[in-house]
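Fold and geometry: a report
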Amino acid sequence: MTQRGRATRSTGPTGRPRRADGPRSGDRVGSPPRGDLAARRARLRAVIEPVVNEVGCDLEDLSVSPAGRRHVVRVIVDADGGISLDAVADVSRAVSAALDAAEEAGGDILAGEYQLEVSSPGVDRPLTLPRHWRRNVGRLVKVTARGTLPEQSGGDRQVTGRVVEADDERVVLETDSGRAEFRHAELGPGRVQVEFNRLDEVGDDELGDNEDIDDIDDEDDVEDEER
């Protein structure tokens, strides 16, 4: 879900996020230093995360980057049982309202116009936290295991298996060699494997970066941004 606007007023109409086809000369002119972006990201998180949690979701990732004369704020959220497009839209409206309220209250959140993009994680996002593994029980994953499987010894190795159990302490994978249990500290980032014979179990919004709910092309705005 994408919303455009200025942080000092209500956001404007929704639209399609711009594709990043590589840096343009205009993008570099007047771009803030990296430290400024990091500070803005911290201020944004302080405003956005409580709002996301309030609607029963987790803030999985937050980024802010310059794009010409505006900033693009990308927010990725998730929840137990997955998150629907309606829920993504609700989060988008709540976050936009919170940013407006924070700016009107005198907070230096974002200077000038911004584009807000809210989406759910795709299957290509790594599993790094206990809740990520818990939300992917039943999925086939590939992961680097630090330690050993029952019949193996020594060194890190790639393990492919189906997540059959996961909690705050451990993950149990069903592999070709049987079940293997790992503590979270023994696992690197896991990657969900797309199974073509199970695509009907994976929602379209999980296959990668999501298209917006409102699929609107604003040609004038594209031309303005590219200039």
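So, here's what we can say about the structure. (Residues numbered from 1 in each chain as written. Predicted model: local features only at pLDDT ≥ 70, side-chain atom pairs only at ≥ 80, totals over all residues. Heavy atoms only, no water.)

1. Structural notes on the nonpolar core
Residues Leu44, Ile48, Val73, Val75 and Val77 are the most contacted members of the largest nonpolar core, which totals 25 residues. Of all the secondary structure elements, the ones that give two or more residues to this core are helix H2 (34-54), strand S2 (58-67), strand S3 (70-78), helix H3 (85-104) and strand S4 (113-119). The element contributing the most residues to this core is H3, with six residues. The residues contacting Leu44, other than those within four sequence positions of it, are Leu62, Val64, Val73, Leu99, Ile109 and Leu110. By size, the runner-up hydrophobic cluster in this structure holds 15 residues, among which are Val171, Leu173, Ala180 and Val192. (Core = buried A, V, L, I, M, F, W, Y, C linked by side-chain atoms within 4.5 Å. Buried < 20%, exposed > 50% of the residue type's maximum accessible area, 1.4 Å probe, protein only. Helix = DSSP H or I, 4+ residues; strand = E, 2+ residues; numbered from the N terminus. Contact = heavy atoms within 4.5 Å.)

2. Examining the pairing of strand S8 (residues 178-183)
For strand S7 (residues 170-175) and S8, the ladder comprises six bridges, and the chain directions are antiparallel. Among the inter-strand pairings, Val171 is bridged to a residue of S8, identified as Phe182. Here S7 hands over to S8 after two residues, the two strands then running antiparallel side by side. (Pairing = 2+ DSSP bridges.)

3. Re the environment of Glu165
With respect to the helices and strands, the residue Glu165 is situated in strand S6 (residues 156-166). The exposure class of Glu165 is partly exposed, given its relative accessible area of 33%. Residues Glu165 and Arg134, spaced 31 residues apart in sequence, show a C-alpha to C-alpha distance of 7.4 Å. Not counting residues up to four positions away in its chain, the partners in contact with Glu165 are Val137, Arg170, Val171, Val172 and Arg179. Of the polar contacts made by the side chain of Glu165, one reaches the side chain of Arg170; its length is 2.7 Å. (Polar contact = N/O pair within 3.5 Å; in protein donor to acceptor, adjacent residues only side chain to side chain.)

4. Details of the pattern of salt bridges
All chains considered together, the criterion is met by 19 salt bridges. Among the ionic pairs, Asp58 bridges to Arg131, the shortest N-O distance being 3.7 Å. Note that Asp58 is positioned in strand S2 and Arg131 in helix H4 (residues 130-134), a separation of 73 residues in sequence. Across the pair Glu117 and Arg74 runs a salt bridge, and its minimum N-O distance is 3.3 Å. Of this pair, Glu117 sits in strand S4 while Arg74 sits in strand S3, and the two are 43 residues apart along the sequence. Owing to a relative accessible area of 13%, Glu117 belongs among the buried residues under this scheme. Residue Arg74 is classed as partly exposed on the basis of its relative accessible area of 32%. Here the salt bridges do not stand alone but share partners, grouping Asp58, Glu60, Asp78, Asp80, Arg131, Arg134 and Arg135 into one network. (Salt bridge = Lys/Arg side-chain N within 4 Å of Asp/Glu carboxyl O.)

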